[in-house]
Amino acid sequence: MTSNQLGSRTIFIIIIAGVALILGGLVISQVTPLIFPVQASAESLQIDNLFRIALVIGGAIFLLVQGLLIYSIVRFRARAGDTSDGINLHGNATLEIVWTAIPAVIVLVLTVLSYQVWVSIQSVKDDEMTVKVTGARFAWSFAYEVPDPRDTSQKLTVNSKELHTYVGRPMKLEMVTQDVIHSFWVPAFRMKQDVMPGRTTTVRFTPIQTEETYPVRYPIKCAELCGSGHGEMVNWLVVHKDEADYMAWFNQQLDLVLNPPEDPVARGRQVLASGAYPCAGCHVLADLGWAGLTGPSLNGVGDRAATVRASATGLSPEEYLDRSIYYPNEYIVPGFGAGLMPQFQANDPQGANYMSLDDHFAIVAYLCTQTSTGESACDLDRLRSLVFGNS
Ligand code: HEC
Ligand SMILES: [Cu+2]
């Protein structure tokens, strides 16, 4: 066999191996996405396509490396009785240039493709709906700011613990955190964005149709370990089929804000149910379907405020519940960690953990009614003067 014949045979093998690697990469890129969740946003199509390209390349490299490894193990294994050293190999400049240049080109191509997808996703869309997202240990909350129908020069905020939108509506989320870093992750939308203290981050998406029947609910998770209740930090993204269906939901929420119940207890229940505050992520409360485990259960908290807490602190039940929200570290419920319950404050509307006096009064009034009989454990007039002062 002349060296010329060997050369063409080697080239033939390299071509066959190259084709096999590319085919293998293509198979991997087609099979892996079968285990993904549905593609529920326009962006998920772009991101999955990009991911497929990375999978073809990564799959081919995986097969190349593993293939060479297995080939070498078999071909160059030590035969029985062979105790000699391996041959002494020195650097090979051609090889080093090739295996540096090829990855460099691959990385460059992926950079350009990713950048195009990123720019396209983050570009401003016509008719965007903006929703403010707040991450707090351990719940997400959403705020829709709309002109106040009673005075359109004023803004009005509708809070929700679910993010509602509809098929085809471009969305922009402006996201902040009350405490630590969280990561807003909606797998079906291929959307993952961190929220960071002191910064506002944005993401954009447009829901597309995936199902026959609407509304459809997709889970929103936190993808950044943020403390003991991290696993409970799950909310829902609800996609309505069209604008009319979405507006029906929205107008219901708006009506609750425009016409709050007179009764403070009912109002407190409504404020808590709206998800304006992250209490659900840390507390159990059967009446509102809360399942958080970081803090003590609030079932029967009115009874406890009037009995064990009153004797432990010397406070009246209304005083105790009032202070557990403003000064949670003054008295720590036995068995629970200090410094976890956020210290809500009514001084700075822009500051973290702001809770207006009205909300505070209503929430405490509601907590007072968490008793075995349903009767309030508190003196509401005393509570009113505690919260609003004696004037
Ligand atoms: C990050 C978790 C977390 C969040 C969010 C949170 N709490 Fe708490 N809460 C705790 C922990 C932990 C305790 C127990 C430690 C202590 O007493 O400060 C507690 C204690 C309490 C208590 C005293 C309970 C008792 O049995 O005496 C009340 C009342 C309460 N929280 C209400 C609320 C309300 C209302 C909200 C929302 C406005 C809220 N918490 C949000 C973690 C949380
Ligand atoms: Cu989190």
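Just above sits the structure.
Rules used in this analysis
- Residues numbered from 1 in each chain as written.
- Chains lettered and ligands numbered in written order.
- Predicted model: local features only at pLDDT ≥ 70, side-chain atom pairs only at ≥ 80, totals over all residues.
- Heavy atoms only, no water.
- Near = heavy atom within 4 Å.
- Polar contact = N/O pair within 3.5 Å; in protein donor to acceptor, adjacent residues only side chain to side chain.
- Helix = DSSP H or I, 4+ residues; strand = E, 2+ residues; numbered from the N terminus.
- Nonpolar A, V, L, I, M, F, W, Y, C, P; charged D, E, K, R; others polar.
- Donors = N, O, S within 2.8 Å, 3.2 Å for Na, K, Ca; no water.
- Tetrahedral: all angles 85-135°; square planar, octahedral: opposite > 155°, others 65-115°.
- Buried < 20%, exposed > 50% of the residue type's maximum accessible area, 1.4 Å probe, protein only.
- Core = buried A, V, L, I, M, F, W, Y, C linked by side-chain atoms within 4.5 Å.
- Contact = heavy atoms within 4.5 Å.
- Axes fitted to C-alpha atoms, helices over the stretch in contact; angles between N-to-C directions.
- Parallel < 35°, antiparallel > 145°, perpendicular 65-115°, else oblique.
- Left-handed = near helix turned anticlockwise from the far one by under 90°.
- Salt bridge = Lys/Arg side-chain N within 4 Å of Asp/Glu carboxyl O.

**Student:** Could you clarify how one ought to interpret the site of ligand 1 in this entry?
**Tutor:** If you check the shell around ligand 1, you find 30 residues, and the closest are Cys279, Cys282, His283, Tyr320 and Met341. Contact distances for ligand 1 include 2.7 Å between an oxygen atom and a side-chain N or O atom of Arg309. Contacts to ligand 1 include Val333, whose backbone N or O atom sits 3.1 Å from an oxygen atom. For the shell around ligand 1, the secondary structure elements donating two or more residues are helix H6 (301–306) and helix H8 (317–326). Of the residues in the shell around ligand 1, the class split is 22 nonpolar, 5 polar and 3 charged.

**Student:** Please clarify how the coordination of the copper ion (ligand 2) should be interpreted in this entry.
**Tutor:** For a metal with four tetrahedral donors the ideal donor-metal-donor angle is 109.5 degrees, whereas six octahedral donors ideally subtend 90 or 180 degrees. Here the copper ion (ligand 2) is held by His182 (ND1), Cys222 (SG), Cys226 (SG) and Met233 (SD), and the distances to it run 2.1 to 2.6 Å. For the copper ion (ligand 2), the 4 donor atoms in the first shell make angles of 92 to 125 degrees at the metal, so the coordination geometry reads as tetrahedral. Donor residues binding the copper ion (ligand 2) come from one chain and are separated in sequence as H-x39-C-x3-C-x6-M. Taken together, the residues His182 in strand E6 (residues 182–186) and Cys222 in strand E9 (residues 216–222) connect sequence positions 40 residues apart. Exposure class is identical for His182 and Cys222. Each is buried.

**Student:** Sorry if this is basic, but what is going on with the coordination of the iron atom of ligand 1 here?
**Tutor:** Around the iron atom of ligand 1, the protein contributes the donor atoms His283 (NE2) and Met341 (SD), which lie 2.0 Å from the metal centre. Given 6 donor atoms and angles of 87 to 179 degrees at the metal, the environment of the iron atom of ligand 1 is assigned as octahedral. Taken together, the positions of His283 in the loop between helix H5 (264–273) and strand E11 (284–285) and Met341 in the loop between H8 and helix H9 (357–368) put the pair 58 residues apart, joining distant regions of the chain. Residue class for His283 comes out buried when judged on its relative accessible area of 10%.

**Student:** Whenever I open this one, the nonpolar core confuses me. Can you help?
**Tutor:** Proteins that are soluble and globular tend to have nonpolar side chains buried together. Within the largest apolar cluster, 38 residues are counted, with the highest numbers of intra-cluster contacts made by Tyr144, Leu163, Phe184, Phe189, Tyr218 and Leu237. Those residues in contact with Tyr144 that sit more than four places away from it in its chain are Met129, Val131, Leu156, Thr157, Val158, Ser160, Glu162, Leu163, His164, Tyr246, Trp249 and Phe250. Within the second largest apolar cluster, 27 residues are counted, among which are Cys279, Tyr320, Phe344 and Val364.

**Student:** Would you mind showing me how to read the packing of H9 against helix H10 (residues 380–388) here?
**Tutor:** Between two packed helices, the angle of one axis relative to the other and the distance separating the axes together describe the packing. Closest axis-to-axis distance for the H9/H10 pair is 10 Å, and the angle between their directions is 150 degrees. Between H9 and H10, the angle falls in the class roughly antiparallel. As for how H9 packs across H10, the hand of that crossing is right-handed. Of H10, the residues touching H9 (which contributes Leu357, Asp358, His360, Phe361, Val364 and Ala365) are Leu380, Leu383, Arg384, Val387 and Phe388.

**Student:** Explain the pattern of salt bridges to me, please; I cannot follow it from the model alone.
**Tutor:** Once the charged atoms of two side chains with opposite charge are near each other, the side chains can pair. Scanning the model with the defined rule gives 11 salt bridges in all. Of the charged contacts, one joins Arg190 and Asp48 as a salt bridge, the two residues approaching to 2.8 Å between their closest N and O atoms. Placement of the pair is Arg190 in the loop between E6 and strand E7 (191–195) and Asp48 in helix H2 (residues 42–75), with a sequence separation of 142 residues. For the pair shown, Arg190 and Asp48 are each scored as buried. Of the charged contacts, one joins Lys172 and Glu174 as a salt bridge, the two residues approaching to 3.3 Å between their closest N and O atoms. The class for Lys172 is buried, based on a relative accessible area of 17%.

No statement about biological role is implied by the geometric values presented.
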